[in-house]
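The primary structure of each chain is shown beneath.
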Amino acid sequence: MKYALNGTWTLYYGKQQSLSTPQEMLEAGLSRIEAAVPGNVELDLIHAGILPAEIYKGENINRLRNYEDYEWWYQTEFETPDGCTGKKTALTFEGVDTLAEYWLNGTCIGTSANMLIPAVFDISSCLKHTGKNTLYVHIASIMKQAYQTETPMLSLMHGWDLNYESVSVRKAAHCFGWDIMPRAVTAGIWRDVTLSAADPFEISQLFYHVRQCDERKAKLRFCYEINTESVQDMRITIHGVCGNSEFCEERHLRFKAGTADFEIHSPKLWWPYGYGEPNLYETDVTLYQGGTPVASKHLRVGLRSVELLHADAANGEKGCFEFHINGVRVMCKGSNWVPMDVFHSRDKERYPRVFPLVKELGCNMLRCWGGNVYEPHEFYDFCDENGIMVWQDFAMACHAYPQDEVFLEAIRREAAAVVKKLRIHPSIVLWAGDNECDVMYYQSNADPGMNRLTREILPQVVYSNDAGRPYLASSPYASETIFKQRIWESVPEEHLWGPRDYYK
């Protein structure tokens with residue numbers, strides 16, 4: 001059971017000091033306004049009349065630079081829901097931008113340093129079950145940290161000559177300024193905050209893999225894991241329906257984790273727009289103890305295969321870069337998907353206006369750009385439903401990123417969280433390591449193959465947590481052949497670089 005802590009919080013703010021506890025902050029006499037959660041501190045300043053309402057007009061956006069060295073303290077109070085009493089309870093922040101520490105009832109419960117993935121804390125030991133709980137979230141200035149962090153020489157030698165402050169922090173790269181976005185070094189609790197009580201039984205992992213499919217038969221493997229200490233007298237059922245096509249499977253549990261392999265005859269396949277219907281099976285997975293259902297999850301299953309044929313030009317022959325869906329070569333027609341808003345708490349507000357434009361274009365592919373955030377499920381649901389293939393970059397762009405073990409591990413954790421969250425969506429047809437980082441290496445005569453992030457860490461994460469989707473190290477990708485022979489002109493997949501005012 002989940003309980004939302006969204007709503008109106010109190011926001012304290014001021015130039016960053018050496019304040020280490022909420023009590024020290026309160027004694028420092030910082031300014032205070034109301035804040036929306038989810039939200040961005042800049043929007044709260046606008047609503048309070050401190051920043052201009054028309055923040056995108058003229059040079060108003062440049063006024064945000066005055067707040068880059070500020071710290072922000074969010075505060076709220078809540079009573080513990082009855083459903084959490086006596087149970088292990090987690091506090092989840094779906095998105096906090098960016099460097100944060102968290103205090104509950106006077107105890108520091110943890111920290112986070114990644115805008116792009118959730119932060120989750122077990123608060124069972126410090127949650128009050130009578131009276132009010134007091135929660136603080138302290139967000140430090142990311143620019144203060146950037147100035148105190150050594151810049152990797154690798155990044156300076158092989159990166160884009162802008163935004164070096166972005167390379168060592170896990171924050172959407174565009175926030176520091178881009179050719180398509182203004183500089184806005186944002187801060188805030190920009191996605192939902194929830195309490196969740198642990199249930200006695202929970203389907204903690206659920207994933208399906210289409211092992212083979214055509215119009216005659218589809219072979220599926222469902223993989224699942226249950227949070228439980230015993231599987232005595234437990235079984236799991238998998239029931240999916242799409243029009244007049246249906247499947248229903250049952251397995252008795254022998255361990256908390258397992259698989260179910262089965263076939264669907266005359267399946268309804270998922271097709272990209274222009275090649276057929278994007279059929280989805282409404283699927284319920286239910287866990288039973290004895291004859292009683294004790295846990296369930298719903299997902300939509302898209303039956304499709306995906307293959308990327310990728311070869312460089314060689315021996316006078318043309319190269320290729322082709323997506324084959326269900327064995328059919330697909331003409332990809334689409335767009336780069338870039339930030340919907342400078343302030344990402346407002347992204348979803350724009351979906352109702354933007355999604356119809358995607359369909360109006362006759363689009364069947366969107367490439368989620370590596371300088372952005374990772375979109376929520378609503379975006380991928382739309383793509384699932386409308387036959388829009390998704391090319392998903394991991395969140396790196398136009399730099400040679402650090403190669404030290406701490407940064408490698410940060411990317412490993414981030415990528416694993418993203419793949420586990422999004423792998424259920426049939427619309428995703430490619431994981432791509434980054435945006436244009438290979439180009440940065442290539443242009444300075446450095447070997448992109450030495451980038452451990454995209455040649456070692458990310459493919460390992462994809463291999464370990466997903467199946468059936470191709471992986472591309474970078475976009476555009478400089479293969480070993482391309483680099484050694486210095487033949488960039490034979491790269492089979494390339495970007496439309498050029499005067500942006502024209503291409504817009």
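Residues numbered from 1 in each chain as written. Predicted model: local features only at pLDDT ≥ 70, side-chain atom pairs only at ≥ 80, totals over all residues. Heavy atoms only, no water.

1. A word on the sheet that holds strand E20 (residues 306-311)
Strands sit in the order E20-E21-E22 across an open sheet of three strands; the sheet is antiparallel. This sheet does not close on itself; its edge strands, each paired only once, are E20 and strand E22 (328-330). When strand polarity is set aside, the average angle formed by the axes of neighbouring strands in this sheet is 35°. (Pairing = 2+ DSSP bridges. Helix = DSSP H or I, 4+ residues; strand = E, 2+ residues; numbered from the N terminus. Axes fitted to C-alpha atoms, helices over the stretch in contact; angles between N-to-C directions.)

2. A few points about the environment of proline 272
Residue placement: proline 272 occurs in the loop between strand E17 (257-265) and strand E18 (281-289). Between the C-alpha atom of proline 272 and that of threonine 237, which follows or precedes it by 35 residues, the distance is 29 Å. Excluding residues within four positions of it along the chain, proline 272 makes contact with Ile325, Val330, Gly387 and Met389. (Contact = heavy atoms within 4.5 Å.)

3. Examining the side chain of serine 141
By the secondary structure assignment, serine 141 is in the loop between strand E10 (132-140) and helix H3 (142-148). Engagement of the side chain of serine 141 in a polar contact is seen with the backbone nitrogen of methionine 143, the distance being 3.3 Å. Serine 141 has contacts with Gln16, Glu68, Asp69, Tyr70 and Leu99, leaving out every residue within four places of it along the chain. (Polar contact = N/O pair within 3.5 Å; in protein donor to acceptor, adjacent residues only side chain to side chain.)

4. Examining the nonpolar core
Membership of the largest hydrophobic core comes to 98 residues, with the highest contact counts inside it found for Trp9, Trp72, Tyr74, Phe93, Trp337 and Phe379. In terms of residue count, helix H7 (residues 405-422) provides more of this core than any other element does, eight residues in total. Contacts of tryptophan 337, omitting those with residues within four sequence positions, involve Tyr351, Val354, Phe355, Val358, Leu366, Arg367, Cys368, Trp369, Asn372, Glu375 and Phe379. (Core = buried A, V, L, I, M, F, W, Y, C linked by side-chain atoms within 4.5 Å. Buried < 20%, exposed > 50% of the residue type's maximum accessible area, 1.4 Å probe, protein only.)

5. A word on the sheet that holds strand E24 (residues 365-368)
Spatial ordering of the open sheet is given by E23-E24-E25-E26-E27, a layout of five strands whose pairing is parallel. Because the sheet does not close on itself, it has two edges, and the strands there are strand E23 (334-337) and strand E27 (471-472). With four bridges connecting them, E23 and E24 associate as parallel partners. Counterpart to glycine 334 in the pairing with E24 is methionine 365.

6. Here's the deal with the packing of H7 against helix H9 (residues 452-465)
Relative orientation of the contacting elements H7 and H9 amounts to 35°, with a least axis distance of 9 Å. Two packed elements cross with a definite hand, and for H7 against H9 that hand is right-handed. Residues Glu405, Phe407, Leu408, Ile411, Arg412, Ala415, Ala416, Val419 and Lys420 of H7 form the contact with H9, whose participating residues are Arg452, Leu453, Ile457, Leu458, Gln460, Val461 and Asn465. Its residues assigned to classes, the contact of H7 with H9 shows 10 nonpolar, two polar and four charged. (Left-handed = near helix turned anticlockwise from the far one by under 90°. Nonpolar A, V, L, I, M, F, W, Y, C, P; charged D, E, K, R; others polar.)

7. Here we look at the layout of surface pockets
Approximately 1600 Å³ is the volume attributed to the second largest pocket. Elements with a minimum of two residues in the lining of the second largest pocket: strand E21 (320-325), E23, helix H5 (347-360), E24, helix H8 (437-443) and helix H11 (500-503). Each residue belonging to the lining of the second largest pocket can be placed in one class, and the counts come to 26 nonpolar, seven polar and 11 charged. (1 Å grid on protein atoms, 1.4 Å probe; cavity = no way out; pocket = protein on both sides within 12 Å on 5 of 7 lines; lining within 4 Å. Points joined across faces, edges and corners; volume = space filled by probe spheres on them.)

8. Overview of the packing of H5 against helix H6 (residues 377-386)
Following both chains from N to C, one finds H5 and H6 inclined at 20°, their axes separated by 11 Å at the closest point. Considering the angle they form, H5 stands roughly parallel to H6. At the point where H5 passes H6, the crossing takes the right-handed sense. Taking contact as the criterion, the partners of Lys348, Tyr351, Phe355, Val358 and Lys359 in H5 are, on H6, Glu378, Phe379, Phe382 and Asn386. A breakdown of the residues in the contact of H5 with H6 according to their chemical character gives five nonpolar, one polar and three charged. (Parallel < 35°, antiparallel > 145°, perpendicular 65-115°, else oblique.)

9. As for the packing of aromatic side chains
Tallying each qualifying case throughout the model produces 29 aromatic pairs. Plain terms: the ring middles of tryptophan 160 and tryptophan 178 are 4.6 Å apart, the flat faces sit at 65° to each other, and that makes the pair edge-to-face. Of this pair, tryptophan 160 sits in the loop between helix H4 (153-158) and strand E11 (188-189) while tryptophan 178 sits in the loop between H4 and E11, and the two are 18 residues apart along the sequence. For tryptophan 160, a relative accessible area of 24% gives the class partly exposed. Geometrically, the ring pair formed by phenylalanine 321 and tryptophan 391 is stacked, given 5.8 Å between the ring centres and 25° between the ring planes. Residue phenylalanine 321 is located in strand E21, and its partner tryptophan 391 is located in strand E25 (residues 389-393); the two are separated by 70 residues in the primary sequence. Judged on exposure class, the residue phenylalanine 321 and its partner tryptophan 391 are both buried. Every member of this aromatic cluster is reached through a ring pair, and the members are Trp337, Tyr351, Phe355, Phe379, Tyr380 and Phe382. A cation sits over an aromatic face here: arginine 486 above tyrosine 442, 3.9 Å from the ring centre. (Phe/Tyr/Trp six-rings, centres within 6.5 Å; stacked < 30°, edge-to-face > 60°. Lys NZ or Arg CZ within 6 Å of the ring centre and 35° of its normal.)

10. Here's the deal with empty space enclosed by the protein
Applying the stated criterion across every chain yields a total of three cavities of 30 Å³ or more. In this structure, the largest cavity occupies an estimated 140 Å³ of space. Along the walls of the largest cavity sit 17 residues, with Tyr67, Trp72, Val185, Thr186 and Ala187 positioned nearest its centre. Secondary-structure elements contributing two or more residues to the lining of the largest cavity are helix H2 (41-47), strand E4 (70-79) and E10. At three residues, H2 tops the list of elements feeding residues into the lining of the largest cavity. Per-class residue counts for the lining of the largest cavity are 11 nonpolar, three polar and three charged.

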